[in-house]
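The residues making up each chain are set out below.
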Amino acid sequence: MFKYLILISINLLILTGLSSPAAAAEAELGEVVVTASRIDERAFDAKADVRVITAEDIEENRFADLAEALSSLNGVTVDTYGNGVGYENMQTLEINGSSQIVVVIDGIRANTSTSMFNVFNFQSMPNLDSIERIEVLNGSASTLYGADAKGGVVNIITKAPEKNVFKFGAENGTFGFQDYRLYAAGGDGDLSWRLSANKRRSSDYKDGNGNRYISDGDAENISAKFWKKTSGRSTLSLAFDNYESDTVHTGTYFRQQHGMRPPASFYEKQQRLILAYRTQFSEESDNLLSLYRIRSTFNGQNFSTTEDMIDGKADTTTWGFSDHYRLKWHEKHRLAAGVEYSHETIDDWADLFFTYSDESYYHYSLYAEDNWDFDGRYSLTLGARYYRHSIAGGRLSPSVTLGLAADEKTNLYLSAKDYFVPPSQYQLFSGYGNKDLSPESGQTYEFGVKHAPDNDTVIDANLFYRRGKNTISYNKEIKKYENLDREKVWGFRANVTRQLDEHFKATLGYAWIRYKNVDAEGEESYSSNYPNGEIKVGLNYKNRDLTVVLFGRGVMGREGSRQYASRTNLFYGTYPVSSFWVVDMAVNYKTSEHLTFYLKINNIFDEFYCDDVTGVYGHEDIYGAPGRNFRVGFTYEF
């Protein structure tokens, strides 16, 4: 255990015992975010828990994909099946204990209904060079972001060309990992453009116990965006993204070892097209009008609990439009309002149990949120959204947030927000489906504090409590989805960031969450999928040519769900280890103005653990996470 405490010990010494020049953390205090209110504001002043991953963070940490980047944030959990290859549509991201989130790209909703498990394929943007920053809002945000924003919001903000640039990168690593990527951007007069491309391969891997998993991945992505200034204050943009992957895997280690299923192959393709028109009426107001279409195709083989292989498919189309307006009346009064419409069609669906096609639904909503600042200390934000689902009906969701600037170094906020989650396409249309389902709804209450004792240190903490009704659950007796249960979720997060000097920065985060379910008969049960605590700790060193990042994640006391699987008379969902530490390191060395070499080592101590399990066939039925592995690469930019 001693080796796992080294990283925390270093950070505690740094956070509590050292001091530094005042200018070292000005960027941390002044960082501007937009997700909390859809209006630009300092992250320190935002009346919500907003985390930011910058382009610099992405480069220094050498994150392989969005999921790895997001999992570095306190309060965010990514459940990945093994190394994720072949399970892209089953990889879930949870915020505040919920996988029901909204993903936004450049202010435009990007959720899809392709999967039963997640709302966005976090592997579909493998080239992170095009990302300016990622903002993550922890907490319900249905007023501003609509349906599914129960746990929070992931806002991906891409780069807008400021100069002509060309960047090429390549890397190789263990488990057959190969990655080649290209990024280019430029402009001339009123026209600017951005292009990125990526090719990635991987093969079999081993977990921390040396167990080998059959896996083969081959994915590619190309995206482009064009901007045209139509006037001095208006810009028309067109963005296109295409992701394709061919994968092979055999599932859990237990099934592989016992020959329970041969290797299965999968093909996935997703295309995203976005047309947007932004008008800057003045320095105080602007408008974003957008039209989008997302087409997803999935073909491959599914499997049952026997050796049978079954062809599966999922063809879906999502299209919609939105109009978002922002107005700053004056320094102390701001307004955000808009309208959204989305239409989703299930063109063709086939899985282990059901086939269906030509099913569709639509939903629309109108929202407004108004913020007042009083005498520089107090603030009040009131908002509401009316949401209407063509099958599940309508609902009004209000929200209120109170803010207090106790002094120049301390901000506090208290909020109460309604949320709603409509039933998924599978819950509506499959053989288990029920078109009489009501949306899940509830309230989230939050209290947070942000404190900067000096210009080098930021401390923030957040308490939340969520209660919901009409939770959609599967009724085993009638074999249908119904609004059966209620839920209660509560948790706590705390973070400390300290800039030591111009070279060193340290971060320390802790998160704790509890989930209680209450069924129709009043029976209470607690989910033990959530650990007794999770720690995320980092130490960054940076000088002119060299950056080194050390990051550790500690999970304590996660035992898994001890639910009964009647079809096999076995328990499922138990994790093989209840506590573990995983430590990663990234080293970047800039040999010239244009060329950088880097090394990324994941799971340095070769820890055996897993982020997701099945357990239908017992304790060994797991998706082991990759053991120690490394990647070496370079980037060339001019």
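Residues numbered from 1 in each chain as written. Predicted model: local features only at pLDDT ≥ 70, side-chain atom pairs only at ≥ 80, totals over all residues. Heavy atoms only, no water.

> What exactly am I supposed to notice about the pattern of salt bridges here?
Oppositely charged side chains can pair when the atoms bearing their charge come close. Enumeration according to the criterion identifies 39 salt bridges in this entry. Taking the shortest distance from any N to any O, the salt bridge between Arg 51 and Asp 49 comes out at 2.9 Å. Residue class for Asp 49 comes out buried when judged on its relative accessible area of 2%. Between Asp 418 and Arg 395 there is a salt bridge, with the nearest N and O atoms lying 3.3 Å from each other. Of this pair, Asp 418 sits in strand 24 (residues 410–421) while Arg 395 sits in strand 23 (residues 393–407), and the two are 23 residues apart along the sequence. The exposure class of Asp 418 is buried, given its relative accessible area of 13%. By sharing partners, the salt bridges in this structure join Glu 59, Asp 129, Lys 167, Glu 171, Asp 179, Arg 181, Arg 200 and Arg 631 into a single network. (Salt bridge = Lys/Arg side-chain N within 4 Å of Asp/Glu carboxyl O. Buried < 20%, exposed > 50% of the residue type's maximum accessible area, 1.4 Å probe, protein only. Helix = DSSP H or I, 4+ residues; strand = E, 2+ residues; numbered from the N terminus.)

> Is there a simple way to think about the confidence of the model for the protein in this case?
Any segment with low pLDDT has predicted coordinates that should not be analysed in fine detail. Across the protein, the average pLDDT comes to 85, with 85% of residues at 70 or higher. Across the protein, the secondary-structure element scoring lowest on mean pLDDT is strand 32 (residues 560–565), at 42, and the one scoring highest is strand 35 (residues 595–602), at 97. A low-confidence stretch, residues 561–572 stays under pLDDT 50, and its non-local contacts, those more than four residues away or across chains, total 29 contacts. (pLDDT = per-residue confidence, 0-100. Contact = heavy atoms within 4.5 Å.)

> I tried to follow unusual backbone geometry on my own but got confused; where do I start?
A positive phi angle is found at Asn 96, which is not glycine, with a value near 55°. Structurally, Asn 96 can be placed in the loop between strand 5 (92–95) and strand 6 (101–105). Positive phi, close to 50°, is recorded for Asp 106, a residue that is not glycine. With respect to the element layout, Asp 106 can be found in the loop between strand 6 and strand 7 (108–109).

> Looking at this structure, I do not really get the packing of aromatic side chains. What am I missing?
For the structure on display, the rule yields 19 aromatic pairs. Ring plane angle 50° and centroid distance 5.6 Å describe the contact between Trp 319 and Tyr 341, whose orientation is recorded as tilted. With Trp 319 in strand 19 (residues 309–330) and Tyr 341 in strand 20 (residues 333–350), this pair connects stretches of sequence that are 22 residues apart. These aromatic residues form a ring-pair network of at least three members: Trp 319, Phe 321, Tyr 341 and Tyr 362. The positively charged end of Lys 159 is found above the aromatic ring belonging to Tyr 183, 5.4 Å away from the centroid. The ring of Phe 177 has Arg 631 sitting right over it, with the charged end atom 5.4 Å from the ring centre. (Phe/Tyr/Trp six-rings, centres within 6.5 Å; stacked < 30°, edge-to-face > 60°. Lys NZ or Arg CZ within 6 Å of the ring centre and 35° of its normal.)

> When you look at the pairing of strand 21 (residues 355–374) in this model, what are you seeing that I'm missing?
Along any regular strand, the residues point their side chains to alternate faces of the sheet. Note: strand 20 against strand 21, 17 bridges, orientation antiparallel. From the neighbouring strand, His 333 faces strand 21, where its bridge partner is Trp 372. Note: strand 21 against strand 22 (residues 378–389), 12 bridges, orientation antiparallel. Bridge pairing in strand 22 links Ser 365 to Tyr 387. Counting the residues that bridge the hairpin from strand 21 to strand 22 gives 3 residues, and of these Asp 375 lies at a positive phi of roughly 45°. (Pairing = 2+ DSSP bridges.)

> I keep staring at the side chain of Thr 54 and nothing clicks. Help me out?
Turning to its location among the elements, Thr 54 is positioned in strand 3 (residues 49–54). Using a relative accessible area of 19% as the deciding quantity, one classes Thr 54 as buried. Discounting chain neighbours no more than four positions away, the residues touching Thr 54 are Glu 31, Glu 132 and Arg 133.

> Explanation requested: the nonpolar core in the structure shown.
Judged by nonpolar contacts, the single largest core of 26 residues is most densely connected at Leu 70, Ile 134 and Val 154. Among the elements of the structure, helix 4 (66–70), strand 4 (76–79), strand 5, strand 6, strand 8 (131–138) and strand 9 (152–158) are those that each provide at least two residues to this core. Top contributing element to this core by residue count: helix 4, with 4 residues. Here Val 154 is in contact with Leu 70, Leu 93, Ile 95, Ile 101, Val 102, Val 103, Val 104, Ile 134, Glu 135 and Val 136, once residues within four sequence places are set aside. If you look at the next biggest cluster of nonpolar residues, it comprises 17 residues, including Val 33, Ala 141, Ala 149 and Val 153. (Core = buried A, V, L, I, M, F, W, Y, C linked by side-chain atoms within 4.5 Å.)

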